[in-house]
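Read off the chains here:
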Amino acid sequence: MMPGKILYFSTNGNAPPVNFSEALLKGLAPDNGLYMPDHIPVLSYETWVNLSGKSYPEIAFTIVRNFLEGEITDSELHQLTLDAYNFEVPLEKVYDRKYIMRLDQGPTASFKDFAARMMGRLMQYFLQRQNRKMLILTATSGDTGSAIASAFYGLDNIEVVILFPEKEVTPRQRKQMTTLKKNIKTISLQGKFDDCQALVKQAFMDQELAHLELSSANSINIGRLIPQSIYYFYAWTQLASVKDAEPVVFSVPSGNFGNMMGGLLAKRMGLPVRKFVIATNENDEVPVYWRTGYYNTIIPSRNCISSAMNVGHPSNMARVIALYGGIMDEKGNITREPDIRQMRKDIYAVSISDNETTTILKETYRQYGVLLEPHGAAGWAGLKQYLKDQPSDNDPEQLAICLETANPAKFPEEIRNLLGIEPELPPSMEGLDLSEESYDKLNNDYAQFRDYLKDRY
Ligand SMILES: *Cc1c(COP(=O)(O)O)cnc(C)c1O
């Protein structure tokens, strides 16, 4: 049942609710909170059964359409999902009914493609309709920048400027951004990632640049969250007995908890999930919270080999807390307690050390011939830990799916060191090493950066 159109409220509670397109184009709410749907549509039994055997874009259409009712036509949303999801989503059996879902076949070989491609196309659609243009400014230490660059490449009404620290990105990461061109400009900054972020922040507050309609397209945008619930449905329709509403265990390697939030939304929409396993690396603030009820951020975050998960205060934590009836501010203070008993019932949280991560990575390769990279390996280690802790679920018949969030070829040194093999490049990365790059170089100087933007846009 759908009790009326979904509006999006701010987790800080001091901004008016807005419709989907406004939440998408604003990104952050005016009170610095994150947008959340005011209710979550529950899919009927018939809708699920009908999802069985459907293609990924068709499932995407069925899910996403509920969240932006009346704001886009069915035919346009259909087209958009076909355009966004034109790659495979392999499900690989490891043993019994335990699987790896590979979310690494998109253009930048990272699961971030799933969210970024949909968000980019939705933004293009609404900007065109409102006859507006937007300039996306993003600072990156590697992966987010390439996913954004690739997802927005060639879109109308959107220009993109990406700043990266010249010495902190790998050549492959750099090439994923700098070989695109068209509406994507990249800047190599003589500085660190934090300097890139500081310049971007300053630009957002600069009245002289207000006419450029700057937007950040970062991971807290609601337009990235909703698409991250689709692959949970997809995996389930492919592997579970849909008619019996067979419950599944999902394991999610987590950093900022966007991926996890997508799963929680799917569960609220009616997906039969027995348990979510959240695997963090040594940044264990969330597993500690689960255990003790006390939330303490880790600043600075700890450096682990699953580097995209080096997060000491996940930006989506406020949303997880909101979903369970609590309130958390930007700094991580909980001002209204969530239903932590229910959170513990739904989710098992575990921290995986680097040592455990590399051990598991070697073990799954040697024992099953399944190649993981450090993030997926942490997820797999989390699942193993859960099955050990929950003997009742450690049953050959229990369906369990671990999300692999990047392609092993993105971590060639680690794979070489641990396994002595050279990971095969996915099709999206072939030829990258030979493509011609184009990027600008700037000093770490705000005035120079501002002039750069004013001259070009
Ligand atoms: C971003 C990222 C993660 C963490 O995802 P969150 O949604 O931030 O929890 C995990 N693995 C890889 C490879 C990533 O790039």
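These figures come from a predicted structure and were not determined experimentally.

Calculation notes
Residues numbered from 1 in each chain as written. Predicted model: local features only at pLDDT ≥ 70, side-chain atom pairs only at ≥ 80, totals over all residues. Heavy atoms only, no water. Helix = DSSP H or I, 4+ residues; strand = E, 2+ residues; numbered from the N terminus. Rg over C-alpha atoms; globule rule 2.2 N^0.38 Å. Buried < 20%, exposed > 50% of the residue type's maximum accessible area, 1.4 Å probe, protein only. Contact = heavy atoms within 4.5 Å. Areas by Shrake-Rupley, 256 points an atom, 1.4 Å probe, with all protein chains shown as cover. Phe/Tyr/Trp six-rings, centres within 6.5 Å; stacked < 30°, edge-to-face > 60°. Lys NZ or Arg CZ within 6 Å of the ring centre and 35° of its normal. Core = buried A, V, L, I, M, F, W, Y, C linked by side-chain atoms within 4.5 Å.

Caption draft 1: Structural detail: the overall build of the protein chain. Scanning the protein chain from N- to C-terminus turns up 18 helices and 15 strands. Taking 457 residues into account, the globule formula puts the C-alpha radius of gyration at 23 Å, and the protein chain, at 21 Å, falls close to it. Counting only C-alpha atoms and orienting by the principal axes, one finds that the protein chain spans roughly 65 × 55 × 45 Å. Among the 457 residues that make up the protein chain, the fraction classed as buried is 57%. Nonlocal contacts in the protein chain, meaning residues at least 24 apart in sequence, comprise 75% of its contacts between residues at least 6 apart. Here the protein chain displays about 18,700 Å² of accessible surface, and carbon together with sulfur accounts for 46% of that area.

Caption draft 2: Seen up close, the packing of aromatic side chains. On inspection of all chains with the given rule, the structure shows 23 aromatic pairs. Ring geometry for Tyr289 versus Trp290: centroids 6.0 Å apart, planes at 80°, classification edge-to-face. Both residues of the pair, Tyr289 and Trp290, count as buried. A centroid spacing of 6.4 Å and a plane angle of 65° characterise the contact between Tyr446 and Phe449, whose relative ring orientation is edge-to-face. Residue Tyr446 and its partner Phe449 are located together in helix H18 (residues 446–456), separated by three residues, close to a single helical turn. With relative accessibility at 0%, the residue Phe449 sits in the buried group. Cluster of aromatic residues (ring-pair linked, three or more members): Tyr56, Tyr85, Phe87, Phe114, Tyr231, Tyr232, Tyr234, Phe250 and Phe276. The positively charged end of Arg268 is found above the aromatic ring belonging to Tyr324, 5.1 Å away from the centroid.

Caption draft 3: Summary view of the side chain of Thr81. Note that Thr81 resides in helix H4 (residues 74–84). Overall, the relative accessible area of 0% leaves Thr81 in the buried class. The residues contacting Thr81, other than those within four sequence positions of it, are Pro57, Ala60, Phe61 and Met118.

Caption draft 4: Summary view of the nonpolar core. The biggest cluster of nonpolar side chains holds 106 residues, and the ones touching the most others in it are Tyr8, Phe152, Phe250 and Trp290. It is helix H5 (residues 112–129) that provides the largest number of residues to this core, a total of nine residues. Setting aside anything within four residues of it in sequence, one finds Phe250 in contact with Tyr232, Ala235, Leu271, Val273, Lys275, Phe276, Val277, Ile401 and Leu403. In terms of nonpolar packing, the next biggest core, distinct from the first, is built from 26 residues, Ala279, Val350, Ala378 and Leu383 among them.

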